Amino acid sequence: MMATRRSSRLWDTVKTVVYAVLIALAVRTVAFEPFNIPSGSMKPTLLVGDYLFVSKYSYGYSRHSLPLSLPLIPGRILMSEPQRGDVAVFKLPTDDKTDYIKRIVGLPGDRIQMRGGRLHINGERVARRRVVDFIEIDAHGRLHRTAQFDETLPSGRTYRILEHTDQGQLDNTPVYAVPAGHYFAMGDNRDNSLDSRVLSGVGFVPAENLVGRAEILFFSIDGSASVWEFWRWPNTIRFKRFFDAVE
């Protein structure tokens, strides 16, 4: 009798764990998935060490919405078009595996170009306004300043970008004609971003590769303390970034 009760309790525990895993997978697939930021290509909007939730339902669903990108969804279903200015996670088109996060600046049919560091959409220069410099302190305690701008899209959506120079490698480009069913994505850290401006590296993003829209930060850590330096952990957490919406 006692062995039967133990077996029953064990089976109940197994069922609880399985149900919890299935619920977590369902939420991760259809609702929200957590992502972390490993690089500075989206500064100042997103910093290295930021953790955020991405809404999976924003653009509908494709195979990349599923764990391991299982090929169970043909194309994209329940599709909703991204808006120009959205910060989106997508699978890198050149390998269909690596997660990238950039800002959507070009929609299907748009003509995108950089001239003298200024974004042009369909022949019109996008407005930008210089604001206070972006300031960082490196691991050696040295202070670095970078020119920061408010960039405003034709729709009126405004966000901040960084420009180290207006004559960088990707500050003067040919015109990119965005194909049907594709999007043009750029990092907000304009001189330190591998994005759609590099056709051989990222290029145009197919609608099928969209994973979701970045929504809100839930955690952020600056990485200045080693794992064993537990006494420094509280000072590495950026509490002020908690629950910030991604603009």
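Relevant structure appears above.
Residues numbered from 1 in each chain as written. Predicted model: local features only at pLDDT ≥ 70, side-chain atom pairs only at ≥ 80, totals over all residues. Heavy atoms only, no water.

Time to look at the sheet that holds strand β5 (residues 87-91). To summarise the sheet geometry, strands pair through backbone hydrogen bonds and adopt either a parallel or an antiparallel arrangement. Spatially, the seven strands line up as an open sheet ordered β1-β2-β16-β5-β6-β14-β15, and their pairing is antiparallel. Taken across any chain shown, the strands that pair with only one partner, and hence form the sheet edges, are β1 (32-36) and β15 (205-206). Bridge count between strand β2 (residues 50-55) and strand β16 (residues 210-220): six bridges; the pairing is antiparallel. Looking at β16, one finds that V54 is bridged to A214. (Pairing = 2+ DSSP bridges. Helix = DSSP H or I, 4+ residues; strand = E, 2+ residues; numbered from the N terminus.)

Attention now goes to the environment of T94. Locating T94 in the fold gives a position in the loop between β5 and β6 (99-106). Side-chain polar atoms of T94 contact the backbone oxygen of G201, separated by 3.5 Å. (Polar contact = N/O pair within 3.5 Å; in protein donor to acceptor, adjacent residues only side chain to side chain.)

If you walk through the whole model with that rule in mind, you get nine aromatic pairs. For the pair Y176 and F184, a centre-to-centre distance of 5.0 Å together with 45° between the ring planes defines the contact as tilted. Take Y176: its relative accessible area is 6%, and that puts it in the buried class. An aromatic cluster is defined as three or more aromatic residues linked by ring pairs; in this entry it consists of Y51, F53, F218, F219, F239, F242 and F243. Sitting over the face of the ring of Y159, R103 holds its NZ or CZ atom 3.9 Å from the ring centroid. (Phe/Tyr/Trp six-rings, centres within 6.5 Å; stacked < 30°, edge-to-face > 60°. Buried < 20%, exposed > 50% of the residue type's maximum accessible area, 1.4 Å probe, protein only. Lys NZ or Arg CZ within 6 Å of the ring centre and 35° of its normal.)

Bridge count between β5 and β16: three bridges; the pairing is antiparallel. Across the sheet, the residue bridging to V89 is G212, located in β16.

Another aspect to go through is a nonpolar patch on the surface. Together, W228, F230, W231 and W233 line one region of the surface with nonpolar side chains, adding up to about 560 Å² of accessible area. When its relative accessible area of 43% is taken as the criterion, W233 is described as partly exposed. (Patch = residues over 30% accessible without salt bridge, like charges linked within 9 Å, V, L, I, M, F, W, Y side chains within 5 Å. Areas by Shrake-Rupley, 256 points an atom, 1.4 Å probe, with all protein chains shown as cover. Salt bridge = Lys/Arg side-chain N within 4 Å of Asp/Glu carboxyl O.)

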